[in-house]
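Overview (structure and organization)
So you can see what is in the structure, the chains are spelled out below.
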Amino acid sequence: MDERGTRFTHVSSVCSTIGGANTAGAVQNLINQTLIPMTLAMSAACLGRRYSARQVCGAGIILGGACWAVTSAGGKGDNSTTWAGALVFGVGILPSAYSNVYKEMVFNLSAKAR
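Please read these numbers as outputs of a predicted model, since none were measured by experiment. (Residues numbered from 1 in each chain as written. Predicted model: local features only at pLDDT ≥ 70, side-chain atom pairs only at ≥ 80, totals over all residues. Heavy atoms only, no water.)

1. Looking at the nonpolar core
Soluble globular proteins tend to bury their nonpolar side chains together. Counting 7 residues, the largest nonpolar core is built from Ala24, Val27, Ile31, Val70, Ala86, Phe89 and Ile93. Of all the secondary structure elements, the ones that give two or more residues to this core are α2 (25-32) and α5 (83-91). Apart from residues lying up to four places away in sequence, Ile93 is in contact with Ile31, Asn32, Thr34, Leu35 and Met38. (Core = buried A, V, L, I, M, F, W, Y, C linked by side-chain atoms within 4.5 Å. Buried < 20%, exposed > 50% of the residue type's maximum accessible area, 1.4 Å probe, protein only. Helix = DSSP H or I, 4+ residues; strand = E, 2+ residues; numbered from the N terminus. Contact = heavy atoms within 4.5 Å.)

Written as structure tokens, this is what we have:
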């Protein structure tokens, strides 16, 4: 596999490091869970995968929970989460999700070549 997949992972790590400084640990864990629906969406877009209504509903619940956690963080005296920090941390999920999809594409191509 070439280094493109790892470059996306590196970009994700940089965003997580920068945004993580201004995002509470519990909120980081919830935002990290959005990797699942983001990978699902990118897999559908890039690989043409199809998912059941239950899978899409589950992905929606994960996204909704993460959005709720970010919007409610800071309202109870927790000033460690800022919108900018959560946004940068959340954007870091996208390259990681694409990295997962890219690796799947490469593995599928190598399996077909055999």
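Following the structure, the description resumes.
2. Considerations on the packing of helix α3 (residues 35-47) against helix α4 (residues 53-72)
Remark: α3 packs on α4, axes separated minimally by 8 Å, with the N-to-C direction vectors making an angle of 135°. By the angle between their axes, α3 is oblique relative to α4. The crossing of α3 and α4 is left-handed. Along its contact with α3, which presents Ile36, Pro37, Met38 and Leu40, the element α4 presents Gln55, Ala59, Ile62 and Leu63. Its residues assigned to classes, the contact of α3 with α4 comprises 7 nonpolar, 1 polar and no charged. (Axes fitted to C-alpha atoms, helices over the stretch in contact; angles between N-to-C directions. Parallel < 35°, antiparallel > 145°, perpendicular 65-115°, else oblique. Left-handed = near helix turned anticlockwise from the far one by under 90°. Nonpolar A, V, L, I, M, F, W, Y, C, P; charged D, E, K, R; others polar.)

3. Description of the pattern of salt bridges
Counted according to the given criterion, the structure contains 1 salt bridge. The salt bridge involving Arg49 is made with Glu104; its shortest N-O contact spans 2.5 Å. Pair noted here: Arg49 is in the loop between α3 and α4 and Glu104 is in helix α6 (residues 93-113), with a separation of 55 residues, a long-range link. (Salt bridge = Lys/Arg side-chain N within 4 Å of Asp/Glu carboxyl O.)

4. Concerning the confidence of the model for the protein
Model confidence for the protein is summarised by a mean pLDDT of 87, while 93% of its residues fall at 70 or above. Per-element confidence in the protein is highest for α3, whose mean pLDDT is 94, and lowest for helix α1 (residues 4-20), whose mean pLDDT is 87. (pLDDT = per-residue confidence, 0-100.)

5. Re the packing of aromatic side chains
Evaluated as defined, the whole model comprises 2 aromatic pairs. Judged by centre distance (4.8 Å) and plane angle (75°), the rings of Phe8 and Tyr98 are edge-to-face. Highlighted residues: Phe8 in helix α1 and Tyr98 in helix α6, separated in sequence by 90 residues. Assessed through its relative accessible area of 27%, Phe8 is described here as partly exposed. Cluster of aromatic residues (ring-pair linked, three or more members): Phe8, Tyr98 and Tyr102. (Phe/Tyr/Trp six-rings, centres within 6.5 Å; stacked < 30°, edge-to-face > 60°.)

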